[in-house]
Amino acid sequence: MTHPGEQYYPQGVRWDSPIPRGTLPDLLSKAAADFGSRTAIEFRDRPISFVQLKDMADVAASAFLRAGYGKGSSIALFLGNTPDHPVNFFGALKAGARVVHLSPLDGEIALTHKLKDSGARVLVTSSLATLLPTALKFLEKGLLDKLIVCEDQTWGDVGNPQAAIPSNPAIVTFKDFVKDAQPPAAWPQIDADAIALLQYTGGTTGLPKGAMLTHGNLTSAVSIYDVWGANQKAARNTIERVILVLPLFHIYALTVVLLRTLKNGDLISLHQRFDLDAVMRDIEEKRATAFPGVPTMWIAIASLPDLDKRDLSSLAYAGSGGAPLPVEVAKIFERKTKLALKSGWGMTETCSPGTGHPPEGPEKPGSIGLMLPGIEMDVVSLDDPKQVMPVGETGEIRIRGPNVTKGYWNREAETTEAFVGDRFLTGDIGYMDSDGYFYLVDRKKDMIISGGFNVYPQMIEQAIYTHPSVQEAIVIGIPDDYRGEASKAFITLRAGAEPFTIEDLRAFLTGKLGKHELPVAVEFLKELPRTSVGKLSRHELRNQQRQNTQQPKLATGGRS
């Protein structure tokens with residue numbers, strides 16, 4: 001057995017099973033050819049077939065090409081969970097452009113950086129009052145040449161607050177943008193090695209970096225999951241109904257749910273947001289068969305007082321990812337529902353796949369599972385990333401595979417630092433046991449994972465420093481029963497300034513940061529810890545906090 005853990009793989013699955021790769025437009029075209037009028041997406045009780053989805057994406061692609069946004073262009077998507085996302089995602093890619101995902105949860109500082117860094121001069125957004133006003137600010141700042149606004153009422157008016165669309169030559173509704181768009185004589189030829197997506201991540205020692213994810217990376221990621229789950233899918237022999245409440249701008253939702261479900265001809269039950277009652281109706285009344293979620297969602301479900309009386313019998317798969325899942329939550333859920341929460345580890349830079357737990361195999365609470373087919377992982381010395389550590393010894397986890405990013409956009413030095421040959425240094429510290437199961441014990445990077453979303457301390461600190469009373473600030477992650485982690489600010493005050501409450505701080509930061517970035521606690525210190533050369537030290541501050549705080553036991557679940 002040459003690859004650790006392969007002995008526990010599902011029957012017939014080998015580590016060296018072929019991992020097909022291709023392009024994302026071809027993935028959708030093949031799905032439309034194979035599954036035709038079958039429902040691909042159900043949104044607000046409205047079905048959209050595979051052929052309809054492809055046709056809408058083709059119209060969008062034609063309009064992008066007509067407007068000059070083809071090969072070499074970056075097209076930013078600032079959208080929530082509506083069909084507008086896949087239509088414009090696949091449309092931009094078929095036009096030969098790169099997609100740039102912008103998170104509606106981000107604050108203006110991070111969004112401005114991502115737009116500037118990616119070079120995207122066109123932005124697709126929504127008429128929703130939660131999105132359009134922010135998008136208009138980018139136009140006012142001169143960051144955009146074109147703003148395309150998808151009207152939310154297109155998918156049925158459910159009373160979501162809308163923002164007025166101003167009259168401006170640079171602003172066009174999606175309906176007018178695609179009007180009379182004709183397909184080109186020949187579609188652009190797209191190579192599997194071309195960049196499909198700039199997915200921003202990192203930012204722990206600076207601003208977020210754009211991971212360059214190719215068509216081949218993303219299609220390989222889907223294939224890895226398909227190889228891993230092939231036996232279970234064949235045995236079930238049914239059209240799955242997959243709940244999609246994870247945000248589509250997140251790599252976990254994009255790969256695990258949207259791309260994989262479309263490729264396999266299953267049905268995506270698309271929700272705009274996580275609403276506990278709506279999700280439970282999807283399971284109990286519409287008989288959903290699969291629900292990939294993040295720990296905050298499972299915590300909410302596990303907290304239902306009548307969970308043991310609810311009917312979850314239709315669920316064949318319940319998965320948790322995006323962040324570590326507390327062991328106790330998994331235990332409560334399984335005890336009340338008789339369903340095991342399956343989970344694994346992955347990253348934005350791996351297009352999600354990394355590890356997973358096999359259907360059969362040893363029960364190892366706290367483990368993130370085995371490396372998936374086609375993926376090689378090992379543990380190396382923290383002092384020398386070329387030195388592989390023995391079984392059971394802690395170090396930094398390395399990974400390589402067809403799903404791993406080619407590097408960071410316009411960041412040659414950081415790309416070089418992230419790789420040892422063709423092996424990517426994850427920044428996660430852990431170890432592998434004798435059965436090939438991996439465990440995480442810490443992160444080298446300072447990133448905080450709150451509710452499955454990446455939160456960057458430096459971004460929060462930059463915003464805190466704009467407060468007139470603040471002298472110095474360090475932000476670190478602290479345990480949070482609901483989010484897994486949340487941010488806490490440690491502040492020294494300017495001479496003569498008075499302390500303020502956490503409510504005051506959150507009010508000051510609202511608008512500058514996303515809601516998920518806002519600190520949940522603040523502590524005022526006379527002095528913040530420093531390194532030997534005088535730099536503020538998050539590492540030392542975390543060490544001080546660990547001495548005073550009992551860390552919760554975390555189990556499976558990866559980061560993205």
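Owing to the predicted nature of the structure, the values given are computational and were not obtained by experimental measurement. (Residues numbered from 1 in each chain as written. Predicted model: local features only at pLDDT ≥ 70, side-chain atom pairs only at ≥ 80, totals over all residues. Heavy atoms only, no water.)

### Regarding the overall build of the protein chain
Along its length, the protein chain carries 15 helices and 26 strands. A globule of 560 residues ought to have a C-alpha radius of gyration of about 24 Å, and the protein chain, at 23 Å, matches this closely. In terms of overall dimensions, the protein chain has C-alpha extents of about 65 × 60 × 50 Å along its principal axes. Within the protein chain, the fraction of its 560 residues that count as buried is 61%. (Helix = DSSP H or I, 4+ residues; strand = E, 2+ residues; numbered from the N terminus. Rg over C-alpha atoms; globule rule 2.2 N^0.38 Å. Buried < 20%, exposed > 50% of the residue type's maximum accessible area, 1.4 Å probe, protein only.)

### Quick look at the environment of T416
Inspection of the secondary structure puts T416 in helix α12 (residues 412-418). It is 46 Å that separates the C-alpha atoms of T416 and P47, two residues lying 369 residues apart in sequence.

### Looking at the pairing of strand β24 (residues 470-480)
Most of β24 is tucked away: 8 of the 11 residues are buried. Alignment of β24 against strand β25 (residues 484-493), held across 10 bridges, turns out to be antiparallel. Along β25, the bridge assignment pairs I476 with K488. Two successive antiparallel strands, β24 and β25, enclose a turn made up of 3 residues. (Pairing = 2+ DSSP bridges.)

### A word on the packing of aromatic side chains
The geometry of two aromatic rings is summed up by the distance between their centres and the angle between their planes. Applying the stated rule across the entire model yields 12 aromatic pairs. With a centroid separation of 5.1 Å and an interplanar angle of 90 degrees, the aromatic rings of Y9 and W228 are classed as edge-to-face. Of this pair, Y9 sits in the segment before α1 (24-35) while W228 is found in helix α7 (residues 215-236), placing the two residues 219 residues apart along the sequence. Like W228, Y9 is buried. Connected via pairs of aromatic rings, a cluster forms that spans F291, W298 and F333. Sitting above the plane of the Y437 ring, K364 keeps its charged end 5.2 Å from the centroid. (Phe/Tyr/Trp six-rings, centres within 6.5 Å; stacked < 30°, edge-to-face > 60°. Lys NZ or Arg CZ within 6 Å of the ring centre and 35° of its normal.)

### A few points about the pairing of strand β6 (residues 146-150)
Of all 5 residues in β6, 4 are buried; the element is thus mostly enclosed. Pairing between strand β5 (residues 122-126) and β6: 5 bridges, direction parallel. Among the inter-strand pairings, T125 is bridged to a residue of β6, identified as V149. Note: β6 against strand β7 (residues 171-173), 3 bridges, orientation parallel. Residue pairing for β7: V149 is matched across the bridge by T173.

### A look at the packing of helix α3 (residues 84-94) against helix α8 (residues 251-263)
As a packed pair, α3 and α8 sit with axes 13 Å apart at the nearest point and diverge in direction by 80 degrees. Classed by the angle they form, the pair α3 and α8 counts as roughly perpendicular. In this structure, α3 uses H85, P86, F89 and F90 to contact α8, whose residues at the interface are L254, L258, L259 and L262. Here the residues of the contact of α3 with α8 are counted per class, giving 7 nonpolar, 1 polar and no charged. (Axes fitted to C-alpha atoms, helices over the stretch in contact; angles between N-to-C directions. Parallel < 35°, antiparallel > 145°, perpendicular 65-115°, else oblique. Contact = heavy atoms within 4.5 Å. Nonpolar A, V, L, I, M, F, W, Y, C, P; charged D, E, K, R; others polar.)

### Re the side chain of S74
Mapped onto the fold, S74 is located in strand β3 (residues 74-77). Residue classification places S74 among the buried residues on the basis of a relative accessible area of 5%. A polar contact of 3.1 Å, which involves the side chain of S74, links it to the side chain of R98. Ignoring anything within four residues of it in the chain, the contact list for S74 reads R98, V100, S118, G119, A120, R121, V122 and L198. (Polar contact = N/O pair within 3.5 Å; in protein donor to acceptor, adjacent residues only side chain to side chain.)

### A word on the pattern of salt bridges
Enumeration according to the criterion identifies 34 salt bridges in this entry. Where E42 meets R241, a salt bridge forms, and the shortest distance between an N and an O atom there is 2.6 Å. Pair noted here: E42 is in strand β1 (residues 39-43) and R241 is in strand β10 (residues 241-244), with a separation of 199 residues, a long-range link. Judged by relative accessible area, which is 11%, R241 ranks as buried. Each of E376, D378, R398, R400, D422 and R423 takes part in a single network of salt bridges with overlapping partners. (Salt bridge = Lys/Arg side-chain N within 4 Å of Asp/Glu carboxyl O.)

### Some thoughts on the nonpolar core
Counting 115 residues, the largest nonpolar core has F64, L218 and L262 as the members making the most contacts within it. With 9 residues, the single largest contributor to this core is α8. If sequence neighbours within four positions are ignored, L218 has contacts with L24, A196, L197, L213, I251, L254, T255, L259 and C351. Of all hydrophobic cores here, the second largest spans 27 residues; its members include L123, A170, M212 and W409. (Core = buried A, V, L, I, M, F, W, Y, C linked by side-chain atoms within 4.5 Å.)

### Considerations on unusual backbone geometry
Its identity as a non-glycine residue notwithstanding, R44 has a phi of 50 degrees, on the positive side. As for its position among the elements, R44 is in the loop between β1 and β2 (46-49). The backbone phi angle of N237 is positive, close to 50 degrees, even though this residue is not glycine. Residue position: N237 is located in the loop between α7 and β10.

### Some remarks on the side chain of R98
Within the secondary structure, R98 is located in strand β4 (residues 98-101). An unpaired buried charge is present at R98: no salt bridge exists, and D117, the closest side chain of opposite charge, is 10 Å distant. Residues in contact with R98, not counting those within four places in the same chain, are G72, S73, S74, I75, I195, A196 and W409. (Lys, Arg positive; Asp, Glu negative; His and termini not counted.)

### Some thoughts on helix α14 (residues 502-509)
Every α-helical turn comprises 3.6 residues, leaving residues that sit three or four positions apart pointing alike. For α14, the full list of buried residues reads I502, L505 and L509. Each buried residue of α14 sits inside an arc of 60 degrees when the element is viewed along its axis, so together they form one side. Structural note: α14 exposes E503 and A507 on the side pointing more than 90 degrees away from its buried face. Buried-residue contacts for α14 involve α13 (457-464), β25 and β26 (521-524). Phi turns positive one or two residues past the end of α14, at G511, with a value near 100 degrees. (Arc of directions from axis to C-beta.)

### Side note on the confidence of the model for the protein chain
When pLDDT is averaged along the protein chain, the result is 91; 95% of the residues meet or exceed 70. With pLDDT under 50 throughout, residues 551-558 is counted as low confidence; its partners more than four residues away or in other chains account for 35 contacts. (pLDDT = per-residue confidence, 0-100.)

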